[in-house]
Structures are given as structure tokens and as C-alpha cells.
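Letter by letter, the chains look like this.
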Amino acid sequence: MRFLTIVPLSLILVTWPLGDSVQGSKILSVFPFPGKSQYIFILPLLHNLAEKGHEVTSISVFPQDKPMKNFRDIIINENAKIYEGYTEEAALGLNKSILEELLDFLSWASRRCQMSEHPKVKEIMKSETFDLVIMEIIGTEALLGLGQHFQAPTIAVSTFPAMHFIDYLVGNPSPSSYIPHISIPYGNHMSFRQRVANILAEIQDVLSHRYYVLPKQRNLYEKYFPSAELNFDEARRNVSLVLVNDHFTLRHPRPCVPNMIEVGGLHIKQQPNSLSQELQEFLDTATEGAIYFSLGSNVKSKDLPQETQQAILESFRDLKIKVLWKFEGENLPNKPANVLIRKWFDQQSVLAHPNVKMFISHGGFLSTTETIFHGKPVLAIPILGDQPMNAKNAVTAGFALSMELSEISKENFTKSIREVWTKPKYSEAAKRLSQRFRDKPMTPMDTALYWVEYVLRNKGAPYMRNAGQDLTFMEFHNLDVYIVISVIILTSFVIVIQVFCLLQRLVLRTFKQPKIKRN
């Protein structure tokens, strides 16, 4: 289609500089979680901020591979092994309920927050100032005290889609009537039974967070930040902005208040890095296509049961398709020649190669986002956390097939791969979703950069704060209004009934016939 646009000279606007200059602002990034995928999500934003001239100090478990101008690492090695036993159990197929996994995940939160006792963290708290704090918020609410300590606005980052305790930070509405809980693979048009299950899951989640997680976080907040002007609950409602790893094309459309910004795919490079010569040649010569296989950064393929590893290898041997397998061991016995193993692959660059036709994935949200961006069909093997939900959503969207880790045998694994590999419906659905996800006015990175600097320019932009955050639960949901209205209606109904009964008695008394006396 062609369009002709005529713009009168009188409508040409002059763009003036926006607010104060924020170049050179000091930014503190706090990501103490030991899962590398969570840090991978935020790291490109931190790099871009440093390249724009901001001074970035990053507290994390992962040091930079190369020193970078305006970028300083503070490494918390003590956090690196917090979840090791947990992920090894998951690799062995020890299944837990979503609530058990959530409580396990959050029970170590206090250990992550102990980074406040690290000597280097104590030093910057004593001697430095910052203009902005950017922090991961899942299970680390106590660290909101850093914003209070430095008297700096705070931007919270959720590497997962929004959940109730993320919504709470900015007073974001999340109606259970059409927004499924993160643990439930429902669509946004739910039946009555599904809405009941959804609300029960939400109640369970809210209660466990409020009475199990928050008391511990409140104690840590009061311990590490005794001089904070705001108490713990006030600090949770004082977040300037939330950057959430979501987009309406990835799951379902949902409401977002102005200071909740969807930046799903923030970590994805629009132009991926070049592959090494060895990998480039391996994939270039895969004229019939290749498979990429990875279980992510938390669960390691080397920890899979030996019989599962061998079933996978026998399947790959029979299929004779070239495979890149992220395998963390030094060697893999009985590995066929068509399988290339490495402890780490540049996943985005691999998925971007046109000869990679399929991704065997754990179904992590970052990996799911990447495979949608690059339009690749998936065989999902979800293991823990949000992975089962992501896998089921991918199946519903039509670009994936899912199987349990415990179901893997040579026959089942081979059959599932052939299903995704040979049927065009999976790759066609993946390409459709890719087109929708890429169709944006701004890249996720440009969006995130704009809003981070917006908060800096406008001193935290407190005017974006949702008034709903100042209301009690009853006020927010108008329960007090509904109760009063119900009482008025009920009282009115009772009065009407009483008046009717009174009138009825009067009428009967008035027209009552006198008794006839008999002689």
C-alpha cells in the first residue's frame, strides 16, 4: 500500500531538549540471584547505559568477561552456589508442586539479601552516592532499602512475567477473571471451573508470599536499613518504575499502569554476534537442517540420569541430524559424530542461523522469547519453576510439543523430534508469532533506555505513582462501598416488607366483617 502525506508548514513542531541532562548519572544495579539467565536479561541494558556515559556499578554473581568503560563489578561469590542442590534434584526428575518450588525458591531469599553484609557493599554504602537503583525484585524486597539509603529512585526489574507481588509495587490491576496465574496454563477466556482454580491459585500464592516471604524480608529490611525514612511496606509502594519481561504477543494482553513497562526480549540482540569459524562451518554444512539442544543455565545436562543421556544420544544417532548440545561435562561417552557438545553456546547466534530448524529447550521464559523472536519450533522438556507453564502456553500457541523429563526414552524422544521436525504447522506458527513479536514502534532496549533516563530526568517521576497504592484492600476493591450499598438495599427491602405487612394488617382490620349475634 502507498500513502501520500501532506504536512502543512504550520504543523511542523520543534523538539526541545527534555528536562535536565542525565548523562554521567551514577547507577547502582543489584542482581544477587545466582541464575545466569536472570542476569543475562538485564546485562545488555546496563552495558547500554554505560556506553551512554552513565557510571554503572553492578552487584551480581557474574563478572564481566572484558573490562568496560563506566562499568564496575562487585561480585558476591557467596551467592553463587545457593541453588546448586535444588537444580541437581530437578535434573534427576524429583517433581514438586508449583507451591513447593515457589517456597523453595523464595526460602533462600534471605541468603541473597545478605549481600548487604559484604565488605565492598558496606564500603559503597558508607562512602558513595547514587542517582538511581535498578534491582531484581523477586524475593529481594528487603533490598529496596538501598533506594532509601542512597535517597535515590528505584527501578524494579522482573525477569519473569508480572505476578501479584510485582503488580503490588506500582498498584497494577490484575483481574483473576481473565489473567491466568503464572502456574496455570489457561487462556484468558476461562470457564467457571477454570476461574475457580485460577482464584484459588492466586489466593494460595498471595497468602504464602504475605505470611511466609514478606515477614522474613521485613526483618532483613529493618536489620540492614534501620535509618530508612520509609518503613518496609511504604518502600514496597515507593518504586518509581517496573521493567517486566513480558509482551502481549508472548502471553495474553493485560492492563499496565504507566509506570509498568513491558520490555520482553530486552536481552535479544537485533543483530546477533558472529559464530566461531568451527560452529559456522558446522551449521553451514547442515544442508538438511540442525537441532539446538539446551536445558538452560540452571539445570545442567550433565546431571541428567545416565540412562536418560544415553536414550537421547541413541535417538540423535538414529536421526542422523546435526545437533548442537549444551553439555557441561568434559566428555560424553558414546557421543555420535553428528552431535557437537560445548559447555556454552551463544544461543541467540545459534538460533539466528537459518539452518537451525528446531530448538529442544527446557522452556525457560528467556529461551522461549528468543525462539519466538527467531521463529523456531520447539520440543519443550520443562523441569522446574515457570517452565511447565511456558511449555503449555507454547503448545497452545501451536509452535511447540512438550514432554516430561521422566518420559524420555529413545522411542518417545525420537517420535517427538520427528513430529516437530516433519510437520510444517509448528514452524509456521513460530514464524507467525515471530512476525507479531517483532512488529513494534521501538525495540525493547530503546524502550527500557528511554524510561530509565525518564526516571532520572524527572527525579523518580513521583507523579506517575498510582493512587491505588494508598488504598487499603477494601478501598481498592470498593468492598466497603459494596457492603454499604448491600446494607442499604437489604435494609430498604426489610422496611418495604414491614410496611407491606403493616398495610395488610390495616386492610384486614378495616374490612373485617362484624360477627352476627344469634338469638
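In case you missed it, the structure is sitting above this.
Because the structure is predicted, anything quoted here is derived from the model rather than measured.

Draft legend 1. Representation of the overall build of the protein chain within the structure. A count of helical and extended segments in the protein chain gives 19 helices and 13 strands. Here the protein chain, with 519 residues, has 48% of them falling under the buried criterion. When contacts within the protein chain are restricted to residue pairs at least 6 apart in sequence, those whose partners lie at least 24 apart make up 66%.

Draft legend 2. Structural view of the packing of helix α11 (residues 306-319) against helix α15 (residues 410-422). At a closest axis distance of 8 Å, the pairing of α11 and α15 adopts a crossing angle of 50°. Our classification of the angle between α11 and α15 gives oblique. With respect to the hand of their crossing, α11 and α15 are arranged in right-handed fashion. Taking contact as the criterion, the partners of A311, I312, E314, S315, F316, D318 and L319 in α11 are, on α15, K410, F413, T414, I417 and R418. Here the contact of α11 with α15 is built from residues that sort into six nonpolar, two polar and four charged.

Draft legend 3. The nonpolar core, seen in detail. The biggest cluster of nonpolar side chains holds 43 residues, and the ones touching the most others in it are L28, V30, I59, L146 and V242. Breaking this core down by element, the ones donating at least two residues are β1 (26-31), α5 (119-127), β4 (132-136), α6 (145-150), α7 (164-170), α8 (192-224), α9 (232-236) and β6 (241-244).

Draft legend 4. Representation of the layout of surface pockets in the model. In this structure, the second largest pocket encloses a volume near 980 Å³. Lining the second largest pocket we find 26 residues, and of these H164, Y168, R210, F473 and H477 sit closest to its centre. Contributing elements (two or more residues each) for the lining of the second largest pocket: α7, α8, α9 and α18 (473-476). Among the elements that line the lining of the second largest pocket, the one with the most residues is α8, at six residues.

Draft legend 5. Empty space enclosed by the protein, seen in detail. Under the counting rule described, the total for this entry stands at five cavities of 30 Å³ or more. Of the volumes computed, that of the largest cavity is approximately 110 Å³. What lines the largest cavity is a set of 13 residues, and nearest its centre among them are A162, M163, P180, H181 and E202. Its residues assigned to classes, the lining of the largest cavity shows five nonpolar, three polar and five charged.

Draft legend 6. Representation of the pattern of salt bridges. Summed over all chains, the structure comprises 13 salt bridges. Among the salt bridges present, the one from E128 reaches K26, with a minimum N-O distance of 3.5 Å. Of this pair, E128 sits in the loop between α5 and β4 while K26 sits in strand β1, and the two are 102 residues apart along the sequence. A salt bridge links D303 to K302; the nearest nitrogen and oxygen atoms lie 3.2 Å apart. In the salt-bridge network here, residues are joined through shared partners; they are K26, R72 and E128.

Draft legend 7. Structural detail: the pairing of β4. Within β4, five of the five residues are buried, which leaves it mostly tucked inside the rest of the structure. One ladder, built from four bridges, connects β1 with β4; its direction is parallel. Across the sheet, residue I27 finds its bridge partner in β4, namely L132. Where β4 and strand β5 (residues 154-158) come together, four bridges link them in parallel fashion.

Draft legend 8. The arrangement of the packing of aromatic side chains in detail. In total, this model carries 17 aromatic pairs according to the counting rule given. Ring centres of W325 and F327 lie 5.3 Å apart, and the angle between their planes is 75°; this geometry places the pair in the edge-to-face category. A relative accessible area of 3% means that F327 is categorised as buried. Here the aromatic residues F293, F316, W325, F327 and F413 are joined through ring pairs into a cluster of three or more. Over the ring of F373 we find R438, and its NZ or CZ is 3.7 Å from the ring centre.

Draft legend 9. Inspection of unusual backbone geometry at higher detail. The phi angle at K320 is positive, at roughly 60°, despite the residue not being glycine. For K320, the position within the fold is in the loop between α11 and β9 (322-326). The exposure class assigned to K320 is exposed, which follows from its relative accessible area of 66%. Positive phi, close to 45°, is recorded for A461, a residue that is not glycine. By the secondary structure assignment, A461 is in the loop between α17 (444-457) and α18. Given the relative accessible area of 2%, A461 is considered buried.

Draft legend 10. Inspection of the sheet that holds strand β12 (residues 378-380) at higher detail. Spatially, β10-β9-β8-β11-β12-β13 is the arrangement adopted by the six strands of the open sheet, whose pairing is parallel. What marks the edges here is a single partner per strand, and that holds for β10 (339-342) and β13 (400-402). Mean inter-strand twist for the sheet, computed between neighbouring axes without regard to direction, equals 15°. Sheet analysis places β12 next to β13, joined by three bridges and oriented parallel. Bridge pairing links L379 to L401 in β13. Against the sheet, helix α10 (residues 277-284) contacts β8 (290-294), β9, β10 and β11 (356-361), and its axis sits at roughly 140° relative to β9. Strands β8, β11, β12 and β13 of the sheet are contacted by α15, whose axis makes an angle of about 140° with β11.

Draft legend 11. Examining helix α16 (residues 424-438) more closely. Compared with the 21 Å implied by 1.5 Å per residue over 15 residues, the 21 Å span of α16 between its first and last C-alpha is a close match. Among the residues of α16, those classed as buried are Y426, A429, A430, L433, S434 and F437. Summarising the axial view, the buried residues of α16 lie within an arc of 140°, below the 170-degree limit, and thus occupy one face. For α16, exposure combined with an orientation more than 90 degrees from the buried face picks out K431 and Q435. The inward-facing, buried residues of α16 contact α13 (365-374), α14 (387-397), β13 and α15.

Draft legend 12. Expanded view of the packing of helix α1 (residues 36-51) against α17. Axis separation between α1 and α17 bottoms out at 10 Å; the angle between their running directions is 60°. Considering the angle they form, α1 stands oblique to α17. In this structure, the crossing between α1 and α17 has a hand that is right-handed. Between α1 and α17, the residues in contact are P44, L45, N48 and L49 and M445, A448, L449 and V452, respectively. Partitioning the contact of α1 with α17 into residue classes produces seven nonpolar, one polar and no charged.

The rules behind each value
Residues numbered from 1 in each chain as written. Predicted model: local features only at pLDDT ≥ 70, side-chain atom pairs only at ≥ 80, totals over all residues. Heavy atoms only, no water. Helix = DSSP H or I, 4+ residues; strand = E, 2+ residues; numbered from the N terminus. Buried < 20%, exposed > 50% of the residue type's maximum accessible area, 1.4 Å probe, protein only. Contact = heavy atoms within 4.5 Å. Axes fitted to C-alpha atoms, helices over the stretch in contact; angles between N-to-C directions. Parallel < 35°, antiparallel > 145°, perpendicular 65-115°, else oblique. Left-handed = near helix turned anticlockwise from the far one by under 90°. Nonpolar A, V, L, I, M, F, W, Y, C, P; charged D, E, K, R; others polar. Core = buried A, V, L, I, M, F, W, Y, C linked by side-chain atoms within 4.5 Å. 1 Å grid on protein atoms, 1.4 Å probe; cavity = no way out; pocket = protein on both sides within 12 Å on 5 of 7 lines; lining within 4 Å. Points joined across faces, edges and corners; volume = space filled by probe spheres on them. Salt bridge = Lys/Arg side-chain N within 4 Å of Asp/Glu carboxyl O. Pairing = 2+ DSSP bridges. Phe/Tyr/Trp six-rings, centres within 6.5 Å; stacked < 30°, edge-to-face > 60°. Lys NZ or Arg CZ within 6 Å of the ring centre and 35° of its normal. Expected span 1.5 Å × (residues − 1). Arc of directions from axis to C-beta.

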